[in-house]
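Below are the chains, spelled out letter by letter.
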Amino acid sequence: MKKTSLRNPLLLLLTAAIWGAAFVAQSVGMDYVEPFTFNFARSIIGGIVLLPCIAFLDGQKSRESVSFTQKRKKDELPGKEEQTNCAEPEGDQNKDRRILALGGVCCGAALFVASSLQQIGIQYTSVGKAGFITAMYIILVPVFGIFLKKKVGTKIWLCVLLAVAGLYLLCMTEGFTISSSDLLMLLCAAAFAVHILVIDHFSPLTDGVRLSCIQFFVCGLLSGVGMLLFETPSLHSVLQAWLPIGYAGVLSCGVAYTLQIVAQKGMDPTVASLILSLESVFSVLFGWLLLGQSLMPRELLGCALMFAAIILAQLPGKRESKLE
């Protein structure tokens, strides 16, 4: 249990790091293509990348199953061989497929709404303000969770407030005012909060890699509809943006969102959202390392507050794992 409880936060931390770098890719990609086109391309690439992963994992499970069956045959009496070779009941398989399909559609629809609002809204507001408002899902996740009868302890609420203070220092270098375009980012934060809670519901019930693959194709299909209705896509512009689209598709979608689904299994969704909000910290750090952007003292203080909130949030998780 200790190994699992440590592994999951580390995977979410890696997810946040990939998303932090992807923020640059999303901004650069908008110089060549429009929002729905960008999300269509990245989502389809993300889904395609996972297909060979699923085939490899299926082959591995099949080999392990054959090896296990052969071992059981040697140990069991001849009369029990037929029982050993019995396949999973068809009714259970159909139920699992329905859960997987429903989860994939729900996750994909939530991801489509969130990523579309983010990609559209980032055009009309500053990057810092966009990052700050989007990360407000760390407040919305526990608030929405109340309606789903998910209890949030006092310490977790303290961590959320500490992280919000850190985000403000990190992202808001100017005065804070709300414009009509910022409402898009607030709706984006709400959609990401829903996405996290949907994953929290379905990830323990089905295969995480398959769930991630379906969500990308659903998101890509919906983005494709928006692309054809509201934009004028061209193959030339997509090819010009191959690098940012490739990074967003392979790493941000194919790797990071899959890691999110796998790592969220069994985790408190509020704690998971706190760790994922570190994407704002990583975006600033990558800007410093790769683009030579300077870090102001208030930004360093903001990073420190957010990391402190994440560390503090892990304490209740360790206590719960002992009870389990």
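Residues numbered from 1 in each chain as written. Predicted model: local features only at pLDDT ≥ 70, side-chain atom pairs only at ≥ 80, totals over all residues. Heavy atoms only, no water.

Student: A description of the state of the cysteines should follow, citing residues and the corresponding values.
Tutor: Evaluation of the coordinates by the stated rule reveals 0 disulfides. Here C53 stays free of any disulfide, with the sulfur of C213 as its closest cysteine sulfur at 9.1 Å. Residue class for C53 comes out partly exposed when judged on its relative accessible area of 35%. A disulfide-free cysteine, C219 has its sulfur positioned 7.0 Å from the sulfur of C253, the nearest such atom. (Disulfide = S-S within 2.5 Å. Buried < 20%, exposed > 50% of the residue type's maximum accessible area, 1.4 Å probe, protein only.)

Student: How would you summarise the packing of aromatic side chains if you had to cite specific residues and measurements?
Tutor: For the structure on display, the rule yields 5 aromatic pairs. Taking 6.2 Å as the distance between ring centres and 25° as the angle between the ring planes, the aromatic pair formed by F36 and F112 counts as stacked. Placement of F36 in helix 2 (residues 35-75) and of F112 in helix 4 (residues 90-121) is noted, with a sequence separation of 76 residues between them. Overall, F36 belongs to the buried group, its relative accessible area being 12%. Its relative accessible area of 17% is what places F112 among the buried residues. Each residue in the set W19, F216 and Y257 is aromatic and connected to the rest through ring pairs, giving one cluster. (Phe/Tyr/Trp six-rings, centres within 6.5 Å; stacked < 30°, edge-to-face > 60°. Helix = DSSP H or I, 4+ residues; strand = E, 2+ residues; numbered from the N terminus.)

Student: Kindly report on the packing of helix 6 (residues 137-147) against helix 8 (residues 182-202), identifying the contributing residues and their values.
Tutor: Viewed as axis vectors pointing N to C, helix 6 and helix 8 meet at an angle of 55°, and their least axial separation amounts to 8 Å. Here helix 6 lies oblique to helix 8, going by the angle between them. In this structure, helix 6 crosses over helix 8, and the sense of that crossing is right-handed. Taking contact as the criterion, the partners of Y137, L140, V141, F144 and G145 in helix 6 are, on helix 8, A189, A190, F192, A193, V194, I196 and L197. Taken together, the residues of the contact of helix 6 with helix 8 sort by class into 11 nonpolar, 1 polar and no charged. (Axes fitted to C-alpha atoms, helices over the stretch in contact; angles between N-to-C directions. Parallel < 35°, antiparallel > 145°, perpendicular 65-115°, else oblique. Left-handed = near helix turned anticlockwise from the far one by under 90°. Contact = heavy atoms within 4.5 Å. Nonpolar A, V, L, I, M, F, W, Y, C, P; charged D, E, K, R; others polar.)

Student: Hey, could you go over helix 6 for me, with residue numbers and the actual values?
Tutor: Of all the residues in helix 6, the buried ones are Y137, I138, L140, V141, P142 and G145. Positive phi shows up at K149, right after helix 6, with a value of about 60°.

Student: So what's going on with the packing of helix 8 against helix 12 (residues 269-276)? Residues and values would help.
Tutor: As a packed pair, helix 8 and helix 12 sit with axes 10 Å apart at the nearest point and diverge in direction by 130°. Judged on the interaxial angle alone, helix 12 and helix 8 are oblique. Taken as a pair, helix 8 and helix 12 cross one another with a handedness that is right-handed. Taken together, the residues of helix 12 that come into contact with helix 8 (itself represented by I196, L197 and D200) are P269, S273 and L276. Of the residues that constitute the contact of helix 8 with helix 12, the class distribution is 4 nonpolar, 1 polar and 1 charged.

Student: Now, about the side chain of E231: what can you tell me, with residues and values included?
Tutor: The topology assignment puts E231 in the loop between helix 9 (208-230) and helix 10 (235-240). In this structure, E231 is buried with no salt-bridge partner, the nearest side chain bearing the opposite charge being R42 at 12 Å. Here the side chain of E231 touches T37 through a polar contact of 2.7 Å, side chain to side chain. When neighbours within four sequence positions are excluded, E231 is seen to be in contact with E34, P35, F36, T37 and G226. (Lys, Arg positive; Asp, Glu negative; His and termini not counted. Salt bridge = Lys/Arg side-chain N within 4 Å of Asp/Glu carboxyl O. Polar contact = N/O pair within 3.5 Å; in protein donor to acceptor, adjacent residues only side chain to side chain.)

Student: Tell me about helix 11 (residues 242-264), and please be specific about residues and values.
Tutor: Along its length, helix 11 reaches its greatest deviation from straightness, about 30°, at S252. Positive backbone phi, approximately 85°, marks G266, located one or two places after helix 11. (Bend = angle between axes of the 7 residues up to and from the residue.)

Student: So what about the side chain of Q260? Which residues, and what values?
Tutor: When you line up the elements, Q260 lands in helix 11. Note on Q260: relative accessible area 2%, which makes it buried. With residues up to four places along the chain from it excluded, the contact list for Q260 reads L12, T15, W19, H195, I196, I199 and L276.

Student: So what about the nonpolar core? Which residues, and what values?
Tutor: Formed by 58 residues in total, the largest nonpolar core has its most connected members in L12, Y137, I138, F192, Y257, L274 and L278. Those residues in contact with F192, other than ones at most four positions away along the chain, are L111, A114, S115, Q118, T134, Y137 and Y257. (Core = buried A, V, L, I, M, F, W, Y, C linked by side-chain atoms within 4.5 Å.)

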